[in-house]
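Chain by chain, the residues run as shown.
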Number of protein chains: 2
Amino acid sequence: MNKKKQQTEQTKKKIADAARALFAQKGYKATSIEDIVKATGCSAGNIYYHFKNKEGLFLYLLEEWNAEWDKTWLDKETLYPTTIDKLYGMAEQLALDQLNHPLTKAADEFFNNSEKARDVEERIHEMVKGYLDFNRQLLQRGIDNHEFETTNVTGLAIILDSLMLGLNQHSRRMEREEALEAYRLAMDVFLHGIAKPTRTR
Amino acid sequence: MNKKKQQTEQTKKKIADAARALFAQKGYKATSIEDIVKATGCSAGNIYYHFKNKEGLFLYLLEEWNAEWDKTWLDKETLYPTTIDKLYGMAEQLALDQLNHPLTKAADEFFNNSEKARDVEERIHEMVKGYLDFNRQLLQRGIDNHEFETTNVTGLAIILDSLMLGLNQHSRRMEREEALEAYRLAMDVFLHGIAKPTRTR
DNA sequence: TATAATACTGAACTTTTATTCAGTATTATA
DNA sequence: TATAATACTGAATAAAAGTTCAGTATTATA
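These lines cover the structure that appears in this document, whether it is placed above or below. Because the structure is predicted, anything quoted here is derived from the model rather than measured.

Counting its secondary structure elements, chain A contains nine helices and zero strands. Ordered by position from N to C terminus, the α and β elements of chain A give α-α-α-α-α-α-α-α-α. Based on the C-alpha atoms only, the size of chain A along its principal axes is roughly 65 × 40 × 35 Å. Within chain A, the proportion of its 201 residues that are buried is 49%. Contacts in chain A between residues at least 24 apart in sequence constitute 67% of all its contacts with a sequence separation of at least 6. Total accessible area on chain A is roughly 10,400 Å²; 51% of this is exposed by carbon and sulfur atoms. Side chains of chain A give 29 positive and 31 negative charges; the mean places of these two sets differ by 5 Å.

With 51 residues of chain A in contact, the opposing surface of chain B contributes 50 residues. Summing both partners gives a buried area of about 4,700 Å² for chain A against chain B, and 61% of it is carried by carbon and sulfur. Its largest share of buried area at the contact with chain B, chain A owes to A:Asn112, A:His170 and A:Ile194, together 15% of the area lost on that side. At the junction of chain A and chain B, the tally comes to two salt bridges. Across the chain A-chain B interface, the total number found is 16 residue pairs in polar contact (both at pLDDT 80 or more). Mapped by element, the contributors of at least two residues to the side of chain A that touches chain B are α6 (103-112), α7 (118-144), α8 (153-170) and α9 (176-192) of chain A. Across the side of chain A that touches chain B, the residue classes break down as 23 nonpolar, 14 polar and 14 charged.

Let us now look at the protein's contact with DNA strand D. Taken together, 21 residues surround DNA strand D, and among them A:Tyr48, A:Lys54, B:Thr8, B:Tyr49 and B:His50 come closest. For DNA strand D, the fraction of protein-proximal atoms (within 4 Å) that sit in sugar or phosphate groups is 74%. A distance of 2.9 Å is found between a base oxygen of DNA strand D and a side-chain nitrogen or oxygen belonging to A:Lys4. At a separation of 2.6 Å, a phosphate oxygen of DNA strand D approaches a polar side-chain atom of A:Tyr48.

Moving on to α6(A). Counting buried residues along α6(A), eight of its ten residues qualify, which places the element largely inside the surrounding structure. Turning to α6(A), its buried residues number three or more, namely A:Leu103, A:Thr104, A:Ala106, A:Ala107, A:Asp108, A:Glu109, A:Phe110 and A:Asn112.

In the vicinity of DNA strand C there are 21 residues, among which A:Thr8, A:Tyr49, A:His50, B:Tyr48 and B:Lys54 approach most closely. Those atoms of DNA strand C that come within 4 Å of the protein belong to sugar or phosphate at a rate of 76%. A distance of 2.4 Å separates a phosphate oxygen of DNA strand C from a polar atom in the side chain of A:Thr8. Going through the elements one at a time, α1 (3-26) and α3 (44-50) of chain A together with α1 (3-26) and α3 (44-50) of chain B are the ones with two or more residues in the surface near DNA strand C.

This brings us to the nonpolar core. The biggest cluster of nonpolar side chains holds 121 residues, and the ones touching the most others in it are A:Met164, A:Phe190, B:Met164 and B:Phe190. Apart from residues no more than four positions distant in its own chain, A:Met164 is found in contact with A:Met90, A:Ala91, A:Leu94, A:Tyr183, A:Ala186 and A:Met187.

Moving on to the pattern of salt bridges. A pair can form between side chains of opposite charge whenever their charged atoms are brought close. Residues and elements named next belong to chain A. Summed over the entire model, instances satisfying the criterion amount to 26 salt bridges over all chains. With a shortest N-O distance of 2.5 Å, Arg172 and Asp108 are connected by a salt bridge. Taken together, the residues Arg172 in the loop between α8 and α9 and Asp108 in helix α6 connect sequence positions 64 residues apart. For Arg136, the salt bridge goes to Asp133, with nearest N and O atoms at 2.3 Å. Separated by three residues within a single helix, Arg136 and Asp133 lie in helix α7, roughly one turn from each other. We classify Arg136 as partly exposed; its relative accessible area is 27%. Here Asp133 falls in the partly exposed class, since its relative accessible area comes to 34%. Each of Lys13, Asp17, Arg20 and Glu64 takes part in a single network of salt bridges with overlapping partners.

Okay, empty space enclosed by the protein next. Counted under the stated rule, the structure contains one cavity of 30 Å³ or more. Of the voids in this model, the largest cavity is the one considered here, and its volume is about 40 Å³. In terms of lining, the largest cavity is formed by A:Ile159, A:Leu163, A:Ala186, A:Val189, A:Phe190, B:Ile159, B:Leu163, B:Val189 and B:Phe190. Every element with two or more residues in the lining of the largest cavity is listed here: α8 and α9 of chain A together with α8 (153-170) and α9 (176-192) of chain B. Broken down by element, the residue count for the lining of the largest cavity peaks at three residues, all from α9(A). Grouping the constituent residues of the lining of the largest cavity by class yields nine nonpolar, no polar and no charged.

It is worth spelling out the packing of aromatic side chains at this point. Summed over all chains, the structure comprises 20 aromatic pairs over all chains. Ring centres of A:Tyr28 and A:Phe110 lie 4.8 Å apart, and the angle between their planes is 70°; on these two criteria the pair is classed as edge-to-face. Of the two residues, A:Tyr28 is situated in the loop between α1 and α2 (33-40) and A:Phe110 in helix α6; the sequence distance between them amounts to 82 residues. The pair formed by A:Tyr28 and A:Phe110 is uniform in burial state, with each residue classed as buried. Every member of this aromatic cluster is reached through a ring pair, and the members are A:Phe23, A:Tyr28, A:Phe58 and A:Phe110. When the ring centre of B:Tyr28 is taken as reference, the NZ or CZ atom of B:Lys54 above it lies at 4.6 Å.

Cut-off values and rules
Residues numbered from 1 in each chain as written. Chains lettered and ligands numbered in written order. Predicted model: local features only at pLDDT ≥ 70, side-chain atom pairs only at ≥ 80, totals over all residues. Heavy atoms only, no water. Helix = DSSP H or I, 4+ residues; strand = E, 2+ residues; numbered from the N terminus. Buried < 20%, exposed > 50% of the residue type's maximum accessible area, 1.4 Å probe, protein only. Contact = heavy atoms within 4.5 Å. Areas by Shrake-Rupley, 256 points an atom, 1.4 Å probe, with all protein chains shown as cover. Lys, Arg positive; Asp, Glu negative; His and termini not counted. Charge placed at Lys NZ, Arg CZ, Asp CG, Glu CD. Buried area = accessible area lost by both parts, 1.4 Å probe. Salt bridge = Lys/Arg side-chain N within 4 Å of Asp/Glu carboxyl O. Polar contact = N/O pair within 3.5 Å; in protein donor to acceptor, adjacent residues only side chain to side chain. Nonpolar A, V, L, I, M, F, W, Y, C, P; charged D, E, K, R; others polar. Near = heavy atom within 4 Å. Core = buried A, V, L, I, M, F, W, Y, C linked by side-chain atoms within 4.5 Å. 1 Å grid on protein atoms, 1.4 Å probe; cavity = no way out; pocket = protein on both sides within 12 Å on 5 of 7 lines; lining within 4 Å. Points joined across faces, edges and corners; volume = space filled by probe spheres on them. Phe/Tyr/Trp six-rings, centres within 6.5 Å; stacked < 30°, edge-to-face > 60°. Lys NZ or Arg CZ within 6 Å of the ring centre and 35° of its normal.

On their own, these measurements won't tell you what the molecule is for.
Shown next as structure tokens:
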């Protein structure tokens, strides 16, 4: 009850690694099962033995990715004293993540694709909810700390996610420093706005 | 030299109208040429007589759409006294446009699709540049009017576009009023930020 | 060792869909 | 009216790519 499990783990990892690299490089649709077959040396059938289908394989990678993001974040988070610092930290991590690991492009393609099975649609929806919850909790802490003056936490969570989502797309055309700067600027604006402080709001 | 041109115009419009509705409803990839054939009653060959290919047809619709957006905007713009008002007005128009005319979803699918011809990639890039220029000019006017305190106009143009881009995605899951409110809130944040006005920046 | 379970192969299947093109019909030109 | 140009037909093409499955090999179980 060991050599089998070990083998399965190893093969699954081999497929996942190759698929991740290919999806990142070529995009979701442009990466065929045949490509993964060539890259791994294992058969098409074997891929379908370990993963439900192409969508399932990609979802697996997405969730693995999310889990790693969370882990990295938890390690960092305590280092940031204020919520404002945390926000800048989050923006930086998102920027770096995107620069190092361009699965984001394939993810956008996947999310925006019109032909998705019902269960896939649901899992994506769950993920989005997860991102929003993350933002909501972060912002709520800022409110509790009296760092922010706002009531509509849910609304702001969406604004923040929108900002990151959009930047994610734009930063694909940027160099490393440019991207990092853009994410910082986005946080500046999110926190302080651009209007002169007349504050007639 | 008349009945022919008239016929061409009419057919082209018939195809464009049907395609627009289908793309909006089903998405880009999920809309087949066959669908358009059925909806218009004209043959597949005829579609290819009037448009280079499926991509070309979609690009035609996109550019038509952009042109209309500009026209609508120019009509409204003068009604807004300050740049701040203009920004809220722009956000509202984007929200409404998206609510009434969900070609945006298909457009995202199209933009994010990994398999695009070189010339298509370029036309998309031109469009993005157009959006950024639009933002840049708007913001520059605000600076000239001393409404904003900022120097990095180009950076802010990207931030603004990112915000609208991301909201565009989120607002698909919203009702009309909710979406409008989200766009307004986004503008509030863009202009004033969420941090308490300590302004240690 | 015999049997069951698991891991894997790879060719064939299936389906989908954009695109073409030889040929026809309609309208403009001279 | 003859000829050229334009508008259109629709069946055939063609190529891709995800998925399946009957069969084989390897390992666990009893």
